[in-house]
Amino acid sequence: MSHSKAAPVLIDRFGRTVDYLRISITDRCDFRCVYCMAEDMTFLPREQILSLEEIYWVAAVFAQLGVKKIRITGGEPLVRKGALGLLQKLGQIEGLTELVMTTNGSQLEVYASALKAAGVKRLNISLDTLDADKFKAITRTGNLKQVIRGIQAAKSAGFQRIKINAVILKDRNHLEVIELVRFAVDLGIDISFIEEMPLGVVLQHNRAEAFYPSAMIKADLRDSFNLEPSLQRTGGPSNYFNVIGTDTQVGFISPHSDNFCSTCNRVRLTAEGRLLLCLGNEHSVDLKQVLRAHPGDAETLKQVIIEAMPLKPERHEFTLHEQPIILRYMNMTGG
Ligand code: SAM
Ligand code: SF4
């Protein structure tokens, strides 16, 4: 396959260049986090999700359209059979400068070194608490010790950066933020705190009551750490602070309290092959249908992707007080 090194061609109506693709390679997961899934989930039948070959093909075409960064996510990407083989192939796509992954860490003890060897540069690992009982309560099926061992394996494997992602919910884990930052500092890794987003219907907690804004986390941390705004801009939604005297950065992803849409550079491919133009809106294009109607036809796929760009909305509109307008859960979306 030839790879163009021309200027980026994916630009939306608001002048934002899209050079970052997030791919959810499965909607399945070994955890059932309370903010992400219902306890009793029905997952998609296999024929409805993209094959690994189809995912690779879409990724390669996006790279030809100027995409430089791909994040593999899910569901839990490492529970999909063949995930490692896919990452090895993605790692060889010309023009891709960053192949990264988001994982719950449960399989990292087994896969960390192989992922590094495949060319995965950075890992985001989700960890909301260091208390085993709370961890069980939040993930419903997760095992904290296994995840900690996974994080340590990732550290030993020598990734460029590792970042913990923690979704903070009031009265569930908001008292843990200092301990979580200490954990990150001790390991020399980064951490981002995320405000919960209203994706899918959750029954176990009231999202408005569980809302714990980034500003409060920042205030909670100030007594224990010296935080200084970081000059580094990643183009992503995180607002970073250096923890003075350490190698750690603390980020805040604040979809409610600090809208980050104006710099959005990303689109998402769902497990079933829908190209989502915005996390907080339903604007999408069915790429699976295009892939299956025109197998091996890169030009048609490119055209459909280029024509999808004007659908990218200006911003998300999340509301905490009504039932969500977005009925898909984060595991479908690829967080
Ligand atoms: N299973 C992997 C994991 O947990 O890291 C990857 C997929 S998960 C959907 C990606 C990220 O989305 C995780 O950090 C998770 O905490 C976050 N997430 C899930 N549901 C969310 C929600 N409703 N609001 C905010 N973040 C959410
Ligand atoms: Fe699974 Fe990640 Fe969703 Fe938790 S946040 S249920 S680990 S996909």
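Counting of residues starts from 1 at the beginning of each chain's written sequence and follows it residue by residue. Here the convention is simple: chains get letters from A, ligands get numbers from 1, in the order in which they are written. The predicted origin of the model limits local features to residues at a pLDDT of at least 70 and limits the giving and counting of side-chain atom pairs to 80 or more, whereas totals for whole chains, interfaces and linings rest on all residues. Hydrogens are left out, water is left out, and the side-chain values use all remaining heavy atoms of the structure.

Asks: Quick rundown of the site of ligand 2? Include the residues and the values.
Replies: Working definition: residue near molecule or strand if any one of its non-hydrogen atoms lies within 4 Å of it. Close contacts around ligand 2 come from C29, F31, R32, C33, C36, M37, G75 and N104, and that covers them all. Within the shell around ligand 2, the residues separate by chemical class into five nonpolar, two polar and one charged. Gly is put with the polar residues, along with every residue not named as nonpolar or charged; the nonpolar set is Ala, Val, Leu, Ile, Met, Phe, Trp, Tyr, Cys and Pro, and the charged set is Asp, Glu, Lys and Arg.

Asks: An account of the site of ligand 1 is requested, with residue identities and associated values reported.
Replies: Surrounding ligand 1, one finds 19 residues, the nearest of these being Y35, G75, T103, S126 and M197. Y35 is positioned such that a nitrogen or oxygen atom in its backbone is 3.0 Å from a nitrogen atom of ligand 1. By the criterion applied in these results, polar contacts are pairs of N or O atoms within 3.5 Å in which, for protein atoms, one can donate a hydrogen and the other can accept it, and in which residues neighboring in sequence qualify only through two side-chain atoms. Note that an oxygen atom of ligand 1 is positioned 2.6 Å from one of the side-chain N or O atoms of S126. All accessibility values rest on the Shrake-Rupley procedure with a 1.4 Å probe; residue burial counts only the protein chains present in the view. When ligand 1 is considered free in solution it has 550 Å² of accessible area, and contact with the protein chains removes 96% of it. Those elements that provide at least two residues to the shell around ligand 1 are β3 (98-103) and β5 (161-167). Tallied by class, the residues present in the shell around ligand 1 amount to six nonpolar, nine polar and four charged. Runs of E in the DSSP output that reach at least two residues are strands. Runs of H or I that reach at least four are helices, and both are numbered from the N terminus.

Asks: Give me the sheet that holds strand β1 (residues 20-24): which residues, what numbers.
Replies: Sheet strands pair via backbone hydrogen bonds, and the direction of the pair is either parallel or antiparallel. An order of β7-β8-β9-β6-β5-β4-β3-β2-β1-β10-β11-β12 is seen for the twelve strands of this open sheet, with the pairing classed as mixed. Bordering the open sheet on either side are β7 (227-229) and β12 (284-286), each of which pairs with just one other strand. When the angles between neighbouring strand axes are averaged without regard to direction, this sheet yields 25°. As judged from the four bridges shared by β3 and strand β4 (residues 122-126), these two strands associate in the parallel manner. Only strands that DSSP links by at least two bridges are regarded as paired with each other. In this analysis an axis means a line fitted to C-alpha atoms, helices contributing only their contacting stretch, and an angle means the value between N-to-C directions, from 0 to 180 degrees.

Asks: Explain helix α3 (residues 108-118) residue by residue, including any values.
Replies: The classification of residues rests on relative accessible area computed with a 1.4 Å probe and restricted to protein chains. Under 20% of the type maximum is buried, over 50% is exposed, and intermediate values are partly exposed. Considered for burial, the residues of α3 that qualify are L108, A112, L115 and A118. Each buried residue of α3 sits inside an arc of 135° when the element is viewed along its axis, so together they form one side. Of the exposed residues in α3, the ones pointing more than 90 degrees away from its buried face are V110, S113 and A117. For α3, the secondary structure elements touched by its buried residues are α2 (83-90), β3, β4 and α5 (144-157). In the stretch just after α3, G119 is the one whose phi turns positive, near 105°. Directions pointing from the helix axis toward each C-beta atom define the arc. In this analysis, two residues are considered to be in contact whenever any of their non-hydrogen atoms come within 4.5 Å of each other.

Asks: Tell me what's going on with the packing of α3 against α5, and back it up with residues and numbers.
Replies: Helix-helix packing: each pair is described by the crossing angle between the helix axes and the interaxial distance. Close contact between α3 and α5 brings their axes to 8 Å; oriented N to C, the two are set at 20°. Judged by the angle between their axes, α3 and α5 are roughly parallel. Of the two possible hands of crossing, α3 and α5 adopt the one that is right-handed. Taken together, the residues of α5 that come into contact with α3 (itself represented by L108, E109, A112, S113 and K116) are R149, G150, A153, A154 and A157. The residue inventory of the contact of α3 with α5, partitioned by class, reads five nonpolar, two polar and three charged. Put simply, angles under 35 degrees are roughly parallel, angles over 145 are roughly antiparallel, angles from 65 to 115 are roughly perpendicular, and the rest are oblique. Left-handed describes a crossing in which the near helix is turned anticlockwise from the far one by less than a right angle; the clockwise case is right-handed.

Asks: Give a description of unusual backbone geometry that names residues and reports values.
Replies: Phi at R140 takes a positive value of approximately 65°, unusual for a residue other than glycine. As for its placement among the helices and strands, R140 is situated in the loop between α4 (132-139) and α5. Among the residues examined, R140 registers a relative accessible area of 17% and is labelled buried. Positive phi is not limited to glycine here, since D171 has a value of about 65°. Among the secondary structure elements, D171 is positioned in the loop between β5 and α6 (177-187).

Asks: If you had to explain the packing of aromatic side chains to someone new, which residues and values would you point to?
Replies: Any Phe, Tyr or Trp ring, taking Trp's six-membered ring, that has another such ring centre within 6.5 Å forms a pair; planes under 30 degrees apart are called stacked, those over 60 apart edge-to-face, and the others tilted. Applying the stated criterion across every chain yields a total of three aromatic pairs. Ring geometry for F31 and F135: centres 6.0 Å apart, planes at 90°, overall edge-to-face. Remark: F135 occurs in helix α4 and F31 occurs in the loop between β1 and α1 (52-64); sequence separation between them is 104 residues. Like F135, F31 is buried. When the ring of F241 is compared with that of F252, the centres are 5.7 Å apart and the planes differ by 80°; the resulting orientation is edge-to-face.

Asks: Describe the packing of α2 against α3, and please don't skip the residues or the numbers.
Replies: At a minimum axis distance of 8 Å, the contact between α2 and α3 shows a crossing angle of 25°. Considering their axes alone, α2 and α3 lie roughly parallel with respect to each other. Only Y111, A114, L115 and A118 of α3 make contact with α2, whose side of the interface consists of L84, L87 and Q88. In terms of residue class, the contact of α2 with α3 is built from six nonpolar, one polar and no charged.

Asks: Before we move on, could you go through the pairing of strand β6 (residues 190-194) and cite the residues and values that matter?
Replies: Burial analysis of β6 places five of its five residues in the buried class, which makes it a mostly covered element. Here β6 shows two buried faces, one formed by D190, S192 and I194 and the other by I191 and F193. The pairing of β5 with β6 spans five bridges and is classified as parallel. Looking at β6, one finds that N165 is bridged to S192. Each parallel crossover has a hand, and the one from β5 via α6 to β6 is right-handed. By convention, a crossover is right-handed whenever its connection, traced from the first strand over the helix to the second and viewed with the strands pointing away, goes clockwise.

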